[in-house]
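Structural overview
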Amino acid sequence: MAKKTSNNDVLLANIIKGIEEVKGNDIDILDLREIDNSACDYFIICNGNSNTQVNAIVNSIQKTVSKAIKDKPWHVEGTDNAEWVLMDYVNIVVHVFQKHIREYYNIESLWGDAKITTIANKY
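Since the structure is predicted, the reported quantities are computational estimates derived from the model, not experimental observations. (Residues numbered from 1 in each chain as written. Predicted model: local features only at pLDDT ≥ 70, side-chain atom pairs only at ≥ 80, totals over all residues. Heavy atoms only, no water.)

Quick look at the sheet that holds strand E1 (residues 25-31) now. Strand order in the open sheet formed by six strands is E3-E4-E5-E2-E1-E6, with mixed pairing between adjacent strands. What marks the edges here is a single partner per strand, and that holds for strand E3 (75-77) and strand E6 (115-119). With strand direction ignored, the average angle separating the axes of adjacent strands in the sheet is 15°. As paired elements, strand E2 (residues 42-48) and strand E5 (residues 92-98) share seven bridges and run parallel to each other. Within E5, the residue paired with Cys46 across the bridge is Val96. Running over the sheet, helix H2 (residues 51-69) touches E2, E3, strand E4 (84-88) and E5 and is turned about 160° from E5. (Pairing = 2+ DSSP bridges. Helix = DSSP H or I, 4+ residues; strand = E, 2+ residues; numbered from the N terminus. Axes fitted to C-alpha atoms, helices over the stretch in contact; angles between N-to-C directions. Contact = heavy atoms within 4.5 Å.)

Structure follows, in structure tokens:
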């Protein structure tokens, strides 16, 4: 179990780094480990200001994670219109939204029992 947690921590750190490198906004980490029947251990949610920035965030995450730990997402969807891109790293699922789409779906409220950690912007 310790190895899985360690791998999750390294993956989380690299995903956050990838988001920050292209100025992704409003980064939240939802810890789902204490919730019964959750699909994964963590959701990472962030947003960009345009479809171009959303795709840049997704590309930056993939590049950063691949370079640091030689991992790639199991599945990515939503890059065609880049309003909501989902990146599935199995134990960690990343949601990259355009701001208005994130506000509309408000998926944080669907996981109200999750512990939410907000990452402050560094810029």
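From this point on, the discussion continues.
Bringing the packing of aromatic side chains into the picture now. Tallied over the full model, the rule gives four aromatic pairs. Geometrically, the ring pair formed by Trp84 and Tyr105 is tilted, given 5.0 Å between the ring centres and 50° between the ring planes. Placement of Trp84 in strand E4 and of Tyr105 in helix H3 (residues 99-105) is noted, with a sequence separation of 21 residues between them. For Tyr105, a relative accessible area of 43% gives the class partly exposed. (Phe/Tyr/Trp six-rings, centres within 6.5 Å; stacked < 30°, edge-to-face > 60°. Buried < 20%, exposed > 50% of the residue type's maximum accessible area, 1.4 Å probe, protein only.)

That is the geometry; function is a separate question.
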